[in-house]
Amino acid sequence: MRKISSLPSPVAACCAALRRAGFSAYPVGGGVRDLLLGRTPEDWDVATSASPRQVMALFPHAVPTGLPHGTVTLPTDSGPIEVTTFRREGGYSDGRHPDQVSFGVGLEEDLARRDFTINAMALSPDGAVIDPWGGLKDLEAGVLRCVGDPVKRFSEDRLRLFRVLRFAAQLGFALDASVTDALAHASSSAPLAAERVGSEVEKTLLSPRPAWVGEMLRYGLLSPWLGAARADTAPLASLHARPLPRWAGLAALLDDRALPETLRRPQAVARPVAAGLELLHNGLPEDARQWRHALATYGLDCCRAAAYMAMAMGDMEPERRLVSTLAARPCLTVKQLALSGGELAALGLSGPAIGATQTRLLTHVLDRPEDNRRETLLELLGR
Ligand code: ATP
Ligand code: MG
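Attention in this report is confined to the structure presented alongside it. (Residues numbered from 1 in each chain as written. Chains lettered and ligands numbered in written order. Predicted model: local features only at pLDDT ≥ 70, side-chain atom pairs only at ≥ 80, totals over all residues. Heavy atoms only, no water.)

### Points about the pairing of strand E1 (residues 25-28)
Burial along E1 is two-sided: the face carrying Ala25 and Pro27 and the face carrying Tyr26 and Val28 are both buried. Inspection of the sheet shows E1 paired to strand E2 (residues 44-48) by four bridges, in the antiparallel sense. Considered in E2, the bridge of alanine 25 is made with threonine 48. (Buried < 20%, exposed > 50% of the residue type's maximum accessible area, 1.4 Å probe, protein only. Helix = DSSP H or I, 4+ residues; strand = E, 2+ residues; numbered from the N terminus. Pairing = 2+ DSSP bridges.)

Below is the structure:
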């Protein structure tokens, strides 16, 4: 039997404390999966027989993050540990949330409610892997398979449709044929929160295989938000694995300036993507001078987004030009002018005249960056 000895100490300590108090406790789910894969889990899950109140009593720093579902979160140096009371779920009439959650069940039933076999393993106190659903075998084969009947499991909670494609993208795993079949028959009507869907799309976009977003489109999973949009998403892999480049790339491929907004992404991404697509449509800057003007007018992130969009469309040149334009550290704002507002005031200029002069100087310097020197600007003023 497979054994694990490298459990992070806060997770081991959390389980030990629960066991000392007379409860059973097991690391479960994504943390176990990632540890077996040699990946570093971002968060941990511990399943226990203790009730949320008993967990709270045992750990004074615990935060009651999801009491109705039996979840209490322990912040630790190895990331948050979600301690959840063993539970069974029943009746999913809304396609997302169980109608009832019952506690007082054991580990076996708790593992049975989990989505995929590789996410349905636990670690016993001696480090042995508890694996009633064949997760180890699937982990070794690199296969994503549902716990139980995929059609039923996907109809219970439609977020699992997104999760399975996201895990395929993150782990490089194949979908079991039963999963592919169920995906093909999944209807697209259920009311998932756009924010949750956006988060799964983003995890997919930021993975080593962002093109899997194309499968979400192809299976119609995104149609409640994006209609019948389709795209060849292969070019996304050539963009930096950060939110702005990958969202910008996808928005360009779908020609949808509102995409990040629709899927409830933060304004720091949504705004530059919307403006960037407009810049792309209006014609991208072609040389350093035009890029400097665009940077001064639209801002750095919008220009970057537009250049990433060109990249996604197969044109690498705009991004190269933008990078080399920025490398010269050009003056792009009145604040960066070699002549300050204070100095202009000392020269006898007043309020509105200062602003107008700065704008005139900046326009000049955007054309001729080499002129951003005090003497040259003074000379220009004299003319
Ligand atoms: P990651 O943390 O990398 O996003 P994860 O598998 O840990 O992946 P979490 O959302 O942290 O995902 O969930 C922890 C565990 O809870 C999962 O491994 C799985 O066992 C279970 N789980 C999470 N979401 C669902 C779901 N929608 N349906 C069934 N089980 C789920
Ligand atoms: Mg997790």
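We are not done yet, so read on.
### Some points on helix H17 (residues 317-327)
Along H17, the residues classified as buried are Pro318, Glu319, Leu322 and Thr325. For H17, the angular spread of buried residues about the axis comes to 125°, placing them on one side. Residues of H17 that are buried make contact with helix H15 (288-298) and helix H16 (300-312). A positive backbone phi angle near 45° is found at arginine 329, which sits one or two residues after H17. (Arc of directions from axis to C-beta. Contact = heavy atoms within 4.5 Å.)

### Description of the nonpolar core
Nonpolar side chains tend to gather and get buried jointly when the protein is soluble and globular. Residues Leu18 and Val201 are the most contacted members of the largest nonpolar core, which totals 74 residues. Broken down by element, the residue count for this core peaks at eight residues, all from helix H7 (residues 159-171). Here leucine 18 is in contact with Phe23, Ala25, Val46, Thr48, Ala50, Val55, Leu58, Phe59 and Val83, once residues within four sequence places are set aside. Residues Trp291, Ile354, Leu362 and Leu377 belong to the second largest nonpolar core, which totals 23 residues. (Core = buried A, V, L, I, M, F, W, Y, C linked by side-chain atoms within 4.5 Å.)

### With respect to the site of ligand 1
Around ligand 1 there are 15 residues in total, and Arg33, Asn119, Asp157, Arg160 and Arg166 lie nearest to it. Isolated, ligand 1 exposes 590 Å² of accessible area, and the fraction of that covered by the protein chains is 79%. Contributing elements (two or more residues each) for the shell around ligand 1: helix H2 (30-37) and H7. Here the shell around ligand 1 is built from residues that sort into one nonpolar, three polar and eleven charged. (Near = heavy atom within 4 Å. Areas by Shrake-Rupley, 256 points an atom, 1.4 Å probe, with all protein chains shown as cover. Nonpolar A, V, L, I, M, F, W, Y, C, P; charged D, E, K, R; others polar.)

### A few points about the packing of helix H14 (residues 267-282) against H16
Look at H14 against H16: their axes get within 7 Å of each other, and the N-to-C directions meet at 60°. Comparing their axes, H16 and H14 come out oblique. The handedness of the crossing between H14 and H16 is right-handed. Between H14 and H16, the contacting residues are Pro272, Val273, Ala275, Gly276, Leu277, Leu279 and Leu280 on the first element and Asp301, Cys302, Cys303, Ala305, Ala306, Met309 and Ala310 on the second. Counted by class, the contact of H14 with H16 contains twelve nonpolar, one polar and one charged residues. (Axes fitted to C-alpha atoms, helices over the stretch in contact; angles between N-to-C directions. Parallel < 35°, antiparallel > 145°, perpendicular 65-115°, else oblique. Left-handed = near helix turned anticlockwise from the far one by under 90°.)

### A look at the environment of arginine 321
When you line up the elements, arginine 321 lands in helix H17. When its relative accessible area of 34% is taken as the criterion, arginine 321 is described as partly exposed. Along the chain, arginine 321 and tryptophan 291 lie 30 residues apart, while their C-alpha atoms are 8.0 Å from each other.

### So, the packing of aromatic side chains
All chains considered together, the criterion is met by three aromatic pairs. On the basis of an interplanar angle of 35° and a centroid distance of 6.3 Å, the ring pair of tyrosine 26 and phenylalanine 86 is categorised as tilted. One end of the pair, tyrosine 26, is in strand E1; the other, phenylalanine 86, is in the loop between strand E5 (81-85) and strand E6 (88-90), and 60 residues separate them in sequence. For the pair tyrosine 26 and phenylalanine 86, one class covers both residues: buried. On the numbers, 6.1 Å between centres and 80° between planes, the contact of phenylalanine 116 with phenylalanine 167 is edge-to-face. With a gap of 51 residues between them, phenylalanine 116 in the loop between helix H4 (107-112) and strand E8 (122-123) and phenylalanine 167 in helix H7 connect regions that are remote in the sequence. With a relative accessible area of 0%, phenylalanine 116 lands in the buried category. Here the aromatic cluster, defined as three or more aromatic residues joined through ring pairs, consists of Phe116, Phe154 and Phe167. (Phe/Tyr/Trp six-rings, centres within 6.5 Å; stacked < 30°, edge-to-face > 60°.)

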